[in-house]
Amino acid sequence: MFSYCADPETLSGLTWLSCYLTTGKHMAFYTSFGVVLLLLAITAPTALAFGFGGAAAARSRFLPLQLFGKGYIAIVRGVPDIAFFLFFVIALDQGFEWMRHQVLCPDWDQPIRQGNDFVVCQAAKLPLGNAPQWIHETYGFLLAVLTFAIVFGAFAANVLFGAMRAVPHAQLETAEAYGMTRRQTFWRILVPQMWVYALPGLSNLWMVLIKATPLLFLLGVEDIVYWARELGATANPRFTQYPHGDWRMWYFFALLVFYLGFTRVSEVLLERLMQKLTHGQATTGGEAQRKANA
């Protein structure tokens, strides 16, 4: 912080505000925007991978795999998201610790479930109690990413499954008539064309994912919602050099501007991607482009 900020009581106006907005907690607030963007950058492709795997499994001719794919889509989509974000993370964490406990502490003779307590040996805890704080934060963040990916992967799987079925069956039959194997038809004909039909649904899912990022706050990650509430709440002079009233409205207004701006940029980019994918395709979008260029 600037040296003239050492005594905030002597400051006034914009100088006080500039000092206030450059405190350590505000730097953490600004960093938390990067946490949200990092979550989206990791979760989106991971969820898409989950979705593609789920959709491919759901259309498999191997019955157990087909039931697994359809079950994944139905179960995750049928459970409220808040239930996953509040309870699945705990179950996931305990599942990892249980597996480590079985490997690292085979001689353990006490029950793991002791009433409402989940007790494993110290070596099996994730992360270890003596681990640095950044490891605890990274572990919590990765659990959040995995939970987001599983939840939104089920929705992506449903979209991709429908997109696969929307590709004209005649094209698949033609590929097989030319001697392509089922695998070749899948990767060379079905997958390249399905994105045209999947993108509208995936675009909506991307917007929902953006709006769901404040749920990081429920998972214990210090995201932008956490810091907006923390910094915007009334600050007592006894506990801070920068006392103020209830400013949460202004902090959450900043979040509103951030989300609206981010979704607007997303809309523009997705629209351009749709135009590129539909170019030359026998779809409504492709027909509209041909008429416009005629």
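Residues numbered from 1 in each chain as written. Predicted model: local features only at pLDDT ≥ 70, side-chain atom pairs only at ≥ 80, totals over all residues. Heavy atoms only, no water.

Engineer: What is the right way to look at the packing of aromatic side chains in this model?
Structural biologist: Between two aromatic rings, the relevant description is the distance of the centres plus the angle of the planes. Evaluation of the coordinates by the stated rule reveals 14 aromatic pairs. Centre to centre, the rings of tryptophan 206 and phenylalanine 262 are 6.3 Å apart; their planes meet at 50 degrees, and the pair counts as tilted. Residue tryptophan 206 is found in helix α7 (residues 182–212), and its partner phenylalanine 262 is found in helix α9 (residues 248–278); the two are separated by 56 residues along the sequence. Residue tryptophan 206 is classed as partly exposed on the basis of its relative accessible area of 21%. Note on phenylalanine 258 and phenylalanine 262: the rings are 6.0 Å apart at their centroids and 10 degrees apart in plane angle, and the pair reads as stacked. Taken together, the positions of phenylalanine 258 and phenylalanine 262, both in helix α9 and 4 residues apart, correspond to about one turn of that helix. (Phe/Tyr/Trp six-rings, centres within 6.5 Å; stacked < 30°, edge-to-face > 60°. Helix = DSSP H or I, 4+ residues; strand = E, 2+ residues; numbered from the N terminus. Buried < 20%, exposed > 50% of the residue type's maximum accessible area, 1.4 Å probe, protein only.)

Engineer: Just to check I follow, could you spell out the pattern of salt bridges for this structure?
Structural biologist: This model, assessed by the stated rule, comprises 2 salt bridges. The partner of aspartate 246 in a salt bridge is arginine 248, with the nearest N and O atoms 2.6 Å apart. With a relative accessible area of 35%, arginine 248 lands in the partly exposed category. Of the charged contacts, one joins arginine 264 and glutamate 267 as a salt bridge, the two residues approaching to 3.1 Å between their closest N and O atoms. (Salt bridge = Lys/Arg side-chain N within 4 Å of Asp/Glu carboxyl O.)

Engineer: What's the story with the nonpolar core in this structure? I'm lost.
Structural biologist: Across soluble globular proteins, you tend to see nonpolar side chains buried next to one another. In terms of nonpolar packing, the biggest core is built from 66 residues, with Phe29, Phe148, Phe152, Met194, Ile224 and Leu255 touching the most fellow members. It is helix α5 (residues 133–166) that provides the largest number of residues to this core, a total of 16 residues. Phenylalanine 29 has contacts with Ile224, Trp227, Ala228, Leu231, Tyr251 and Leu255, leaving out every residue within four places of it along the chain. With 6 residues, the next largest nonpolar core counts Cys105, Val120, Cys121 and Ala124 among its residues. (Core = buried A, V, L, I, M, F, W, Y, C linked by side-chain atoms within 4.5 Å. Contact = heavy atoms within 4.5 Å.)

Engineer: How do you make sense of the state of the cysteines when you look at a structure like this?
Structural biologist: Here, disulfide denotes a covalent bond that connects the sulfur atoms of two cysteines. In total, this model carries 1 disulfide according to the counting rule given. Across the disulfide, cysteine 105 is cross-linked to cysteine 121 (sulfur-sulfur distance 1.8 Å). Handedness of the cysteine 105-cysteine 121 disulfide follows from its S-S torsion of about 80 degrees: it is right-handed. Taken together, the residues span a long stretch of sequence, with cysteine 105 in the loop between α4 (81–104) and β1 (113–114) and cysteine 121 in the loop between β2 (117–118) and α5 at a distance of 16 residues. You'll find cysteine 105 and cysteine 121 in the same group, each marked buried. (Disulfide = S-S within 2.5 Å.)

Engineer: Mind showing me how you'd approach the packing of helix α3 (residues 63–78) against α5 here?
Structural biologist: Contact geometry for α3 and α5: axes closest at 9 Å, N-to-C directions at 120 degrees. With respect to α5, the element α3 is oriented oblique. As α3 packs across α5, the resulting crossing turns out to be left-handed. Within the contact between the two elements, α3 uses Lys70, Tyr72, Ile73, Val76 and Arg77 and α5 uses Ala149, Ile150, Val151, Gly153, Ala154, Phe155, Ala157, Asn158 and Phe161. Considered class by class, the residues forming the contact of α3 with α5 number 10 nonpolar, 2 polar and 2 charged. (Axes fitted to C-alpha atoms, helices over the stretch in contact; angles between N-to-C directions. Parallel < 35°, antiparallel > 145°, perpendicular 65-115°, else oblique. Left-handed = near helix turned anticlockwise from the far one by under 90°. Nonpolar A, V, L, I, M, F, W, Y, C, P; charged D, E, K, R; others polar.)

Engineer: In this structure, what is going on with α4? I would like to understand it.
Structural biologist: At 3.6 residues per turn, the α-helix brings residues three or four places apart onto the same side. With 24 residues, α4 extends 34 Å from end C-alpha to end C-alpha; this agrees with the ideal 34 Å at 1.5 Å per step. At phenylalanine 87, α4 shows its maximal bend, which comes to roughly 35 degrees. (Expected span 1.5 Å × (residues − 1). Bend = angle between axes of the 7 residues up to and from the residue.)

Engineer: I keep staring at the packing of α5 against α7 and nothing clicks. Help me out?
Structural biologist: When two helices pack together, their arrangement is captured by the angle between the axes and the distance separating the axes. Following both chains from N to C, one finds α5 and α7 inclined at 140 degrees, their axes separated by 8 Å at the closest point. Between α5 and α7, the angle falls in the class oblique. Here α5 and α7 pass one another in a crossing that is right-handed. Note on element contacts: α7 touches α5 through Phe186, Leu190, Met194, Trp195, Tyr197, Ala198, Gly201, Leu202, Leu205, Val208, Leu209 and Ala212, opposite Phe148, Phe152, Phe155, Ala156, Val159, Leu160, Ala163, Met164 and Ala166.

Engineer: Hey, could you run me through the side chain of glutamate 97 in this one?
Structural biologist: Locating glutamate 97 in the fold gives a position in helix α4. The side chain of glutamate 97 is buried and forms no salt bridge, while lysine 125, the nearest opposite charge, is found at 5.3 Å. When neighbours within four sequence positions are excluded, glutamate 97 is seen to be in contact with Phe118, Val120, Ala124, Lys125 and Leu126. (Lys, Arg positive; Asp, Glu negative; His and termini not counted.)

Engineer: Looking at this structure, I do not really get helix α8 (residues 224–232). What am I missing?
Structural biologist: Turning to α8, its buried residues are Ile224, Val225, Trp227, Ala228, Leu231 and Gly232. For α8, the angular spread of buried residues about the axis comes to 165 degrees, placing them on one side. Lining the buried residues of α8 we find α1 (13–20), α2 (24–58) and α9. (Arc of directions from axis to C-beta.)

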